[in-house]
Amino acid sequence: MYTGKKVRFRALDVSDLDNRMQWSRDREVMRFLVGGELPFSRAAEEAFIREAVSQHAKGNKYYTVETLDGEYIGAAGFSDIQHVNRRATIGLVIGRRDMHGQGYGTDTVRLLLHTAFHVYNLEKVTLKVFSNNHPAIACYRKCGFREVGRMKQHRFIDGEWHDEICMEINRSEWELSQEEGKQRR
């Protein structure tokens, strides 16, 4: 289990299905996810969890995100882990809308980065985010990510085209931001 200032990660498990179903049917939460078309069936979500659990042993790492008190709030993880190239892609969702805007997403990203650089010994972390997901973009920038590319009109959401933004952070950039953060305290 990995622990941040506000959240902790534990292994994703089929017992998370009921919690995941609550937010996987929430259009406001799902509209920003890559596979966010609704509705998801219970069987499809259970199949996803089972596949994610099996992928954990094969290299992709998926976690349940909880508050420090053990309250389920979402999911996070690493995909496309490349140990030779020492890079991976992250993804996360704070599925509980009542927890948005309280720093849980930022702490989740910071914990993912700490895990990437100190546990998995990666050199680079990437992500993709849709251009209309302003809170997530602000969070990623706050955590040190920078935009490195953009796929124009890549997703049609609510009657409008949106770009998909590619962002990354290198280990040295992250470590520098950690040192700067310590000096400001």
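Provided above is the structure to which this section pertains.
Residues numbered from 1 in each chain as written. Predicted model: local features only at pLDDT ≥ 70, side-chain atom pairs only at ≥ 80, totals over all residues. Heavy atoms only, no water.

**A word on the sheet that holds strand β6 (residues 124-130)**
Backbone hydrogen bonds hold the strands of a sheet together, and the pairing may be parallel or antiparallel. Taken in spatial order, the 8 strands make up an open sheet running β1-β2-β3-β4-β5-β6-β8-β7, and their pairing is mixed. One side of each edge strand has no neighbouring strand; the edge strands of this open sheet are β1 (2-3) and β7 (146-157). Pairing geometry for strand β4 (residues 72-82) and strand β5 (residues 87-94), over 7 bridges, is antiparallel. Looking across to β5, one finds that A76 is bridged to L92. Docked against the sheet, helix α1 (residues 17-24) engages β4 and β5, running at close to 90° with respect to β4. (Pairing = 2+ DSSP bridges. Helix = DSSP H or I, 4+ residues; strand = E, 2+ residues; numbered from the N terminus. Contact = heavy atoms within 4.5 Å. Axes fitted to C-alpha atoms, helices over the stretch in contact; angles between N-to-C directions.)

**Focus on the pattern of salt bridges**
A side chain with one charge can pair with a side chain of the opposite charge if their charged atoms come near. Throughout the structure, instances matching the rule amount to 18 salt bridges. The salt bridge involving R97 is made with D26; its shortest N-O contact spans 2.8 Å. Of the two residues, R97 is situated in the loop between β5 and α4 (104-119) and D26 in the loop between α1 and α2 (27-30); the sequence distance between them amounts to 71 residues. The partly exposed category is assigned to R97, whose relative accessible area is 45%. On the accessibility criterion, D26 (16% relative accessible area) is buried. (Salt bridge = Lys/Arg side-chain N within 4 Å of Asp/Glu carboxyl O. Buried < 20%, exposed > 50% of the residue type's maximum accessible area, 1.4 Å probe, protein only.)

**Examining the packing of α4 against helix α5 (residues 134-142)**
Orientation of α4 relative to α5, taken along the N-to-C sense of each, is 45°, at an axis distance of 10 Å. If you check the angle between α4 and α5, you find them oblique. Once α4 is placed against α5, the crossing between them reads as right-handed. Side by side, α4 and α5 meet where G105, T106, V109 and R110 of the first sit next to C139, Y140 and K142 of the second. Classifying every residue of the contact of α4 with α5 by side-chain character gives 3 nonpolar, 2 polar and 2 charged. (Parallel < 35°, antiparallel > 145°, perpendicular 65-115°, else oblique. Left-handed = near helix turned anticlockwise from the far one by under 90°. Nonpolar A, V, L, I, M, F, W, Y, C, P; charged D, E, K, R; others polar.)

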